[in-house]
Amino acid sequence: MGSASGARYPADALTGLDPADGRPLLARYDLASAAAALTADALLGRRSGGMWRWRELLPVRDASFVTSLGEGSTPLVRMPRFGAGLGAPRLLVKAEGLNPTGSFKARGMAAAVSRGRELGVTSFVAPSAGNAGGALAAYGAAAGAEVTVVMPVDAPEDNQVEARILGARLILVEGLLPDCGQVAAAVADRLGAFDLSTLKEPYRVEGKKTMGLELAEDLGWRLPDMVIYPTGGGTGLVGMWKAFAELEAMGLIGPERPRMVGVQAAGCAPIVRAFEEGAEHATPWEDAQTSAAGLRVPSAVGDALILDALRRSGGTAVAVDEASIMQMQRLAGRLGGTYVSPESAAALAAVPELLARGDLSRDEEVVVFDCGIGVKYPVPPGLPPATVVDPDALDVEVLVAATG
């Protein structure tokens, strides 16, 4: 394990933040050995392995401890009609909602629960805006581990039900995610549970980085011009940036990198503010508000890592308002045939904003991460009602006129 402090720690000791400076630790691998196993041809023979096809770059040593529900290997979908409607005809969407539990949180929790089991953990706890808690509950159940999930009291009801039906202990907190983090830390102390708070441990980011590994392979061992990522805790963005460095060290890609773009909601945009101010860290956002539960993260433990990836890539950070999120959720359905989460809608809403700012050109290839399915969220406001008809008194012409 390595950290910003330059300290090194043994990989086989269960660990959280760096004791030297309280910042995130990142796993390091023998990349020369990994390169010998993970050739392009070898990976073709592992097509059915999902995320664990990349086992040489994941933190579990003994495969018997792997807890998998089929996560990873999500499709990278070209969307020319939707892209043309946004002004970016070379738009691709990484469909992470096809992971188990309907979100990209499955990748991180699969890695963290598997490594935790290998290191003797029998009880896990995590604060969550919704999807991470459901994923932890699922993988904990599959592994036979005790799980406690701590959510804001106004977290999406489907996420709350999901955690409970999967056997997790659910604690609801009158507050935001940092308040849930305090409760989770107390639960961890009381129960002896391992705290899986975002980037306060080094294992979830390893699962999330497989999005970057897959992206390079999906595109024939190259990377797009731009990657747009909905950024709350930012684990996936940090993980992908790490993945690109590992792939280059292994000789699978060259030094070119996509411009990384972190997208937040205007009602909770600490990373955007820090980026625009040129700050190395993001100060906590006061009175955070947004319908995108996963973006309502007033402060991120990995803020410095997120900002570093954005700047080193030549990328940027964008805040989008609630009206744009709601409008894009419906536009993605009509033009893209996909029912995306509000967080994904926020990332997609950044595309026209980036075009208008000149940060993205029409002829560039851009990948947007669709982090989860929309059906787990409340019904978007302003959705036209369905039309109820009496089949015995049906007037088709009237019906068609009434429904447009």
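Residue numbering note: each chain is counted from 1, following its sequence as written. At least 70 in pLDDT is required for a residue's local features to be given in this predicted model, at least 80 for side-chain atom pairs to be given and counted, and no such filter applies to totals for whole chains, interfaces and linings, which use all residues. Side-chain measures were taken over the full set of non-hydrogen atoms in the model, leaving aside hydrogen atoms and water.

### With respect to the overall build of the protein chain
For clarity, the threshold we go by: Each helix corresponds to a stretch of at least 4 residues labelled H or I by DSSP, and each strand to a stretch of at least 2 residues labelled E; elements are numbered beginning at the N terminus. Every radius of gyration here is taken over C-alpha atoms, with the globule rule written as 2.2 Å times N^0.38, N being the number of residues. By definition, residues are in contact when any of their heavy atoms lie within 4.5 Å. Working definition of accessibility: Shrake-Rupley area with a 1.4 Å probe, residue cover restricted to the visible protein chains. In this tally, Lys and Arg are treated as positive and Asp and Glu as negative; His is ignored, and so are the chain termini. The atom standing in for a charge is NZ when the residue is Lys, CZ when it is Arg, CG when it is Asp and CD when it is Glu.
Across its full length, the protein chain holds 15 helices and 12 strands. The C-alpha atoms of the protein chain give 21 Å as radius of gyration, which agrees with the globular expectation for 404 residues (22 Å, within 12%). Contacts in the protein chain between residues at least 24 apart in sequence constitute 68% of all its contacts with a sequence separation of at least 6. Entry remark: accessible area of the protein chain is about 16300 Å², with carbon and sulfur atoms responsible for 53%. The protein chain carries 36 positive and 48 negative side-chain charges, and their two centres are separated by 5 Å.

### Things to note about the pairing of strand β7 (residues 169-173)
Let me state the cut-off plainly: A strand pair is defined by DSSP finding two or more bridges across the two strands.
Strand direction decides the pairing type here: strand β6 (residues 146-152) and β7, joined by 5 bridges, are parallel. Of the residues in β7, the one forming a bridge with Pro 152 is Val 173.

### Looking at unusual backbone geometry
If you check the backbone angles, Thr 101 has positive phi at about 65° while not being a glycine. Note on placement: Thr 101 falls in the loop between β4 (91-95) and α4 (105-118). One non-glycine residue, Asp 287, lies in positive phi territory at about 55°. Turning to its location among the elements, Asp 287 is positioned in the loop between α11 (270-277) and α12 (303-312).

### Details of the state of the cysteines
Applied cut-off: By convention in this document, the label disulfide applies to cysteine sulfur atom pairs within 2.5 Å. Exposed residues in this analysis have more than 50% of their type's maximum accessible area, buried residues have under 20%, and partly exposed residues fall in between, with area computed by a 1.4 Å probe over protein chains only.
In the structure shown here, the tally under the stated rule is 0 disulfides. Between Cys 268, a cysteine without a disulfide, and Cys 180, which holds the nearest cysteine sulfur, the sulfur-to-sulfur distance is 13 Å. The exposure class of Cys 268 is buried, given its relative accessible area of 0%.

### Some points on the pattern of salt bridges
Rules: The term salt bridge refers to a pairing of a side-chain nitrogen on Lys or Arg with a carboxyl oxygen on Asp or Glu at a separation within 4 Å.
Taken as a whole and judged by the stated rule, the model has 24 salt bridges. A salt bridge links Arg 47 to Glu 217; its shortest N-O distance comes to 4.0 Å. Of this pair, Arg 47 sits in the loop between α2 (40-44) and β3 (76-78) while Glu 217 sits in helix α9 (residues 210-218); the two residues are 170 residues apart in sequence, bridging distant segments of the chain. Between Glu 364 and Arg 259 there is a salt bridge, and its shortest N-O distance comes to 2.8 Å. Within this pair, whereas Glu 364 is found in the loop between α14 (342-357) and β12 (366-370), its partner Arg 259 is found in strand β10 (residues 259-265), the two being separated by 105 residues in sequence.

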